[in-house]
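Inside the fold
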Amino acid sequence: MSIESITVSTVMARNVITAKESQTVKTVARIMTDSHIGSVVIVRNTDANRPVGIITERDIVRIAGAEQALTLQMPVHDIMSKPIIAIAEMSSIKDALQTMELNNIRRLPVVDKEEIMVGIVTDKDIFKALMKNQSLVASFCENLLVDYRPVYERLSEFMLGEMPMPGENQHEKF
């Protein structure tokens, strides 16, 4: 087994939280808060399975900090990242990481042959899958360090964040 043989469909989340492009920034921010997520895939008003963009917490913060006025009542269509960058469900996790790295993103909607969204994959989903298969980690990290240093650094941060510290209460959050 290698990172080229593991498909994104095996590690993706199938229940994708979406919002329609006409919904407001406030509505989408509430969806993120209530769902405890950092992004929402934006779909056409007429087709809930066709992704047209994505909005992340970073998008909202970036726009709020810009000189242009952000109102909570503006449609999310005005600030979403578009066009959407997606990946085919049978693509490898290596392809997904390469796509993320090339586009400086951490999430990819997953689509089938008809461009219908069937899930979403994040860099953390991939890192978790790798951690479950320790035989992949060493060779993956060796290649990643040379070819994709920023991804390697995120993987390292993820791995350190998942490790319990001595004396740390597993249920305690700061």
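Residues numbered from 1 in each chain as written. Predicted model: local features only at pLDDT ≥ 70, side-chain atom pairs only at ≥ 80, totals over all residues. Heavy atoms only, no water.

1. Things to note about the packing of helix α3 (residues 93-103) against helix α4 (residues 123-132)
In plain terms, the rule: Only the contacting stretch of a helix is used when fitting its axis, a line to C-alpha atoms as for every element, and angles between N-to-C directions run 0 to 180 degrees. Helix and strand assignments follow DSSP, with helices taken as H or I runs no shorter than four residues and strands as E runs no shorter than two, numbered in order from the N terminus. Note on convention: near helix rotated counterclockwise from far helix by under a right angle means a left-handed crossing. Clockwise means right-handed. Contact criterion: two residues are considered in contact whenever any of their non-hydrogen atoms come within 4.5 Å of each other. Under the scheme applied here, ten amino acids are nonpolar (Ala, Val, Leu, Ile, Met, Phe, Trp, Tyr, Cys and Pro), four are charged (Asp, Glu, Lys and Arg), and all others, including Gly, are polar.
Contact pair α3 / α4: the axes reach a minimum separation of 10 Å and the direction vectors enclose 145°. Remark: the crossing between α3 and α4 carries left-handed chirality. Judged by residue contacts, Ile 93, Ala 96, Leu 97 and Met 100 of α3 engage Asp 123, Ile 126, Phe 127 and Leu 130 from α4. Of the residues belonging to the contact of α3 with α4, the class tally is seven nonpolar, no polar and one charged.

2. Things to note about the pairing of strand β2 (residues 39-44)
What counts, and what does not: Note on classification: 1.4 Å probe, protein chains only; a residue is buried when its accessible area is under 20% of the maximum for its type, exposed when over 50%, partly exposed between these limits. Two strands pair if DSSP finds at least two bridges between them. The handedness of a crossover follows from its direction of travel: if, with the strands pointing away from the viewer, the path from the first strand over the helix to the second runs clockwise, the crossover is right-handed.
Burial of β2 is extensive: five of the six residues sit out of reach of the surface. Of the pairings in the sheet, the one linking strand β1 (residues 18-20) to β2 comprises three bridges and is parallel in character. Residue Lys 20 lies in a different strand from β2, and its bridge partner there is Val 43. The parallel pair β1 and β2 is bridged by helix α1 (residues 25-35), and the resulting crossover is right-handed. In terms of strand pairing, β2 meets strand β3 (residues 47-56) through six bridges, oriented antiparallel.

3. Thoughts on the pattern of salt bridges
What counts here: Note on definitions: salt bridges are taken to be side-chain nitrogens of Lys or Arg within 4 Å of carboxyl oxygens of Asp or Glu.
In the structure shown here, the tally under the stated rule is two salt bridges. We note a salt bridge from Glu 4 to Lys 94, for which the minimum N-O separation is 3.3 Å. Placement of the pair is Glu 4 in the segment before β1 and Lys 94 in helix α3, with a sequence separation of 90 residues. On the accessibility criterion, Glu 4 (46% relative accessible area) is partly exposed. As a salt-bridge pair, Asp 34 and Arg 30 come within 3.8 Å of each other at their nearest N and O atoms. Within this pair, Asp 34 and its partner Arg 30 are both found in helix α1, separated by four residues, close to a single helical turn. Accessibility expressed as a relative area gives 51% for Asp 34, which makes it exposed.

Interpretation in functional terms is not warranted from these geometric data alone.
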